[in-house]
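# Descriptive analysis of the structure
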Amino acid sequence: MSGRSLYKNRDALRSDYIPSKLPFREKQITSIGEALAPLLHGSKCSNLLIYGKTGTGKTAVTKYVLMRLEEKASKQGLKVKFAYSNTRIAGTEYRILSDVAQSLGLSIPFTGLAISEVFGRIKSTINSSELKIVLVMDEIDFLVRNYGDDLLYELTRANEQLPQGYLSIIGISNDLKFKEFLDPRVLSSLSEEEIVFPPYTAEELRAILYDRAKMAFFEDSITEASINLCAALAGSEHGDARRALDLLRVSGEVAEREGAAKVEEKHVRIAVQKIEQDRMVEALRSLPLHAKLLLWSIVSLGEANSTGEVYDRYSNICRKNGIELLTQRRVTMLLSELDLLGLIATNLISKGRYGRTKKISPSVQLQFVREVFKEDPVIGSII
Ligand SMILES: Nc1ncnc2c1ncn2[C@@H]1O[C@H](COP(=O)(O)OP(=O)(O)OP(=O)(O)O)[C@@H](O)[C@H]1O
Ligand SMILES: [Mg+2]
């Protein structure tokens, strides 16, 4: 309470904050603008597919352009509206459509209506108000992976039933594999135009971070070196602006909690560990029960055990607690998932002329796993 705040505007570090300038994205802003421009002349526009790796500005840039477009259109007295749904956050087809309905000012009950009924109400509003709608479906790969392409098929065909209005779609994804799950007709309709967002270079990332740091922090409450470090650390895999901004935000929180007068490199280094730890906690929490049981068997056995030893320990725990065992085959699959998540390590150890054997070791500490698992009622009572 007594310390002076480091922040001029904390919100500028939120991941959904849309800055008034988006440097290094002029080309993408222009391309999206050009694709949508026909709407400002009262004509139809193409559907659009936008892709690029995570943190390359797809969501921010798209929302930015659409907000401008909506403003411009309303000044010209045109009825252009944009609707937005992040399909992963919405989670179901029903919720996606209710996001759309909400953007049109329709109120739809939380559950209860048939999907076709919600869709029908959306279409009749578009028609009766003669609206031109640009529907953004962010993280569209989630929808396709979990529900197939039925909803997209309906949406891309909707214009046939909209004599008075118009609906165009912008799909956004950081994973192109979903295209394989699309019916060729849906794919060709959705990707009438495609725009790619390349990763930021280290230099670009640094400039973006500088701008945001200037907006968020008082001038003397962050060092240049710590901003550079955030950019360098975040850019080590690919130019991911989200990761860089997260790091900056958490570094600020660490410095603030310490009561420091400014954010320095040491705070960034602590922030890196904290983010990594949070990621681990999240990974541990979301494991299914049997993966938790297996991981617990492995951490409690300690270093380098064979698959057989792990399976024995796991079977013992299950039997003692009246839990039905999974087969060896399923267990092998769960083990490779734990390996992928970086929670365990499997090594092939040579036994000279007796060939090689697989050994499993934990990559997380027993104490840490216990702390997280304690919160879970089932596994908590077992450990
Ligand atoms: N050119 C830029 N200038 C300023 N800030 C940017 C720029 N590009 C991205 N950002 C910021 O970086 C963060 C991540 O960007 P965004 O959410 O748009 O990424 P994305 O491509 O949608 O990623 P994902 O595929 O994971 O959804 C946001 O806070 C955004 O404001
Ligand atoms: Mg996004």
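## Structural notes on the nonpolar core
Counting 33 residues, the largest nonpolar core has Ile122, Ile126, Met137, Leu152, Leu155 and Leu167 as the members making the most contacts within it. For this core, the secondary structure elements donating two or more residues are β1 (48-52), α4 (93-103), α5 (115-128), β3 (132-138), α6 (140-147), α7 (150-157), β4 (166-173) and α8 (184-190). The element best represented in this core is α4, accounting for five residues. The residues touching Leu155, leaving out its near neighbours within four places in the chain, are Phe119, Leu135, Met137, Leu167 and Ile169. If you look at the next biggest cluster of nonpolar residues, it comprises 31 residues, including Met280, Val299, Val331 and Val369.

## Focus: the pairing of β3
For β3, a buried count of seven out of seven residues is recorded, marking the element as mostly surrounded by other parts of the structure. Side chains Lys132, Val134, Val136 and Asp138 of β3 all project onto a buried face; the interleaved residues Ile133, Leu135 and Met137 project onto the opposite face, where all are buried too. Bridging between strand β2 (residues 80-86) and β3 involves seven bridges; their strand directions are parallel. Bridged to Lys81 within β3 is Ile133. Sheet topology note: the β3/β4 ladder contains six bridges and is parallel. Looking across to β4, one finds that Ile133 is bridged to Leu167.

## Some remarks on the sheet that holds strand β7 (residues 344-350)
Reading across the sheet, the three strands line up as β6-β8-β7 and stay open at both edges, with antiparallel pairing between neighbours. Strand pairing shows two members of the sheet lacking a second neighbour, β6 (305-306) and β7, which therefore form its edges. Both β7 and strand β8 (residues 356-362) contribute to a ladder of seven bridges, which runs antiparallel. Opposite Asn347, over in β8, you have Lys359 as the bridge partner. Against the sheet, helix α13 (residues 289-301) makes contact with β6, β7 and β8, and its axis sits at roughly 95° relative to β8, the strand it touches most.

## Let's talk about the environment of Leu334
Mapped onto the secondary structure, Leu334 falls in helix α15 (residues 328-340). Since its relative accessible area comes to 4%, Leu334 is described here as buried. C-alpha of Leu334 to C-alpha of Pro362: the two residues are 28 residues apart in sequence and 14 Å apart in space.

## A short note on the environment of Glu93
Within the secondary structure, Glu93 is located in helix α4. Classification of Glu93 as buried rests on a relative accessible area of 17%.

## Some words on α4
Within the span of α4, buried status applies to Glu93, Tyr94, Ile96, Leu97, Ser98, Val100 and Ala101. Backbone geometry just downstream of α4 places Gly105 in the positive-phi region, at approximately 80°.

## Quick notes on the packing of aromatic side chains
Aromatic rings in a pair are described by how distant their centres are and how their planes are angled relative to each other. Scanning the entire structure with this criterion turns up two aromatic pairs. Taken together, a centroid distance of 5.7 Å and an interplanar angle of 50° make the contact between Tyr311 and Tyr314 tilted. With Tyr311 and Tyr314 both in helix α14 (residues 307-320) and three residues apart, the pair spans about one turn of that helix. Each member of the pair, Tyr311 as well as Tyr314, is classed as buried. Over the aromatic face of Tyr84 sits the side chain of Lys63, whose NZ or CZ is 4.2 Å from the ring centroid. Here the basic side chain of Lys123 rests over the ring of Phe119, its NZ or CZ set 4.2 Å away from the ring centre.

## Here's the deal with the sheet that holds β3
In spatial order, the strands read β2-β3-β4-β1-β5; together these five strands make up an open sheet with parallel pairing. Pairing within the sheet leaves two strands with one partner each, and these edge strands are β2 and β5 (193-197). Taken over all neighbouring pairs, the strand axes of this sheet differ in orientation by 15° on average, direction set aside. Lying over the sheet, α6 contacts β3 and β4, oriented at roughly 90° with respect to β4.

## Some thoughts on the domain arrangement of the protein chain
Taken domain by domain, the protein chain consists of domain 1 (26-197), domain 2 (200-282) and domain 3 (287-382). Contacts between domain 1 and domain 2 engage five residues on the former and six residues on the latter. Buried surface at the junction of domain 1 and domain 2, summed over both partners, amounts to about 430 Å²; 46% is from carbon and sulfur atoms. Taken as a group, Thr54, Gly55 and Thr56 account for 78% of the area that domain 1 buries against domain 2, more than any other trio of residues on that side. Between domain 1 and domain 2 we count zero salt bridges in total. Residue composition of the side of domain 1 that touches domain 2, by class: no nonpolar, four polar and one charged.

## Points about the site of ligand 1
Thr54, Lys58, Thr59, Tyr200 and Arg242 are the nearest of the 22 residues found near ligand 1. Within the side chain of Lys58, an N or O atom sits 2.7 Å from an oxygen atom of ligand 1. Asn174 places a polar side-chain atom, nitrogen or oxygen, 3.0 Å from an oxygen atom of ligand 1. Of all elements in the fold, only α2 (58-75), α9 (202-216) and α11 (241-258) reach the threshold of two or more residues within the shell around ligand 1.

Rules used in this analysis
Residues numbered from 1 in each chain as written. Chains lettered and ligands numbered in written order. Predicted model: local features only at pLDDT ≥ 70, side-chain atom pairs only at ≥ 80, totals over all residues. Heavy atoms only, no water. Core = buried A, V, L, I, M, F, W, Y, C linked by side-chain atoms within 4.5 Å. Buried < 20%, exposed > 50% of the residue type's maximum accessible area, 1.4 Å probe, protein only. Helix = DSSP H or I, 4+ residues; strand = E, 2+ residues; numbered from the N terminus. Contact = heavy atoms within 4.5 Å. Pairing = 2+ DSSP bridges. Axes fitted to C-alpha atoms, helices over the stretch in contact; angles between N-to-C directions. Phe/Tyr/Trp six-rings, centres within 6.5 Å; stacked < 30°, edge-to-face > 60°. Lys NZ or Arg CZ within 6 Å of the ring centre and 35° of its normal. Domains from an automatic or database assignment. Buried area = accessible area lost by both parts, 1.4 Å probe. Salt bridge = Lys/Arg side-chain N within 4 Å of Asp/Glu carboxyl O. Nonpolar A, V, L, I, M, F, W, Y, C, P; charged D, E, K, R; others polar. Near = heavy atom within 4 Å. Polar contact = N/O pair within 3.5 Å; in protein donor to acceptor, adjacent residues only side chain to side chain.

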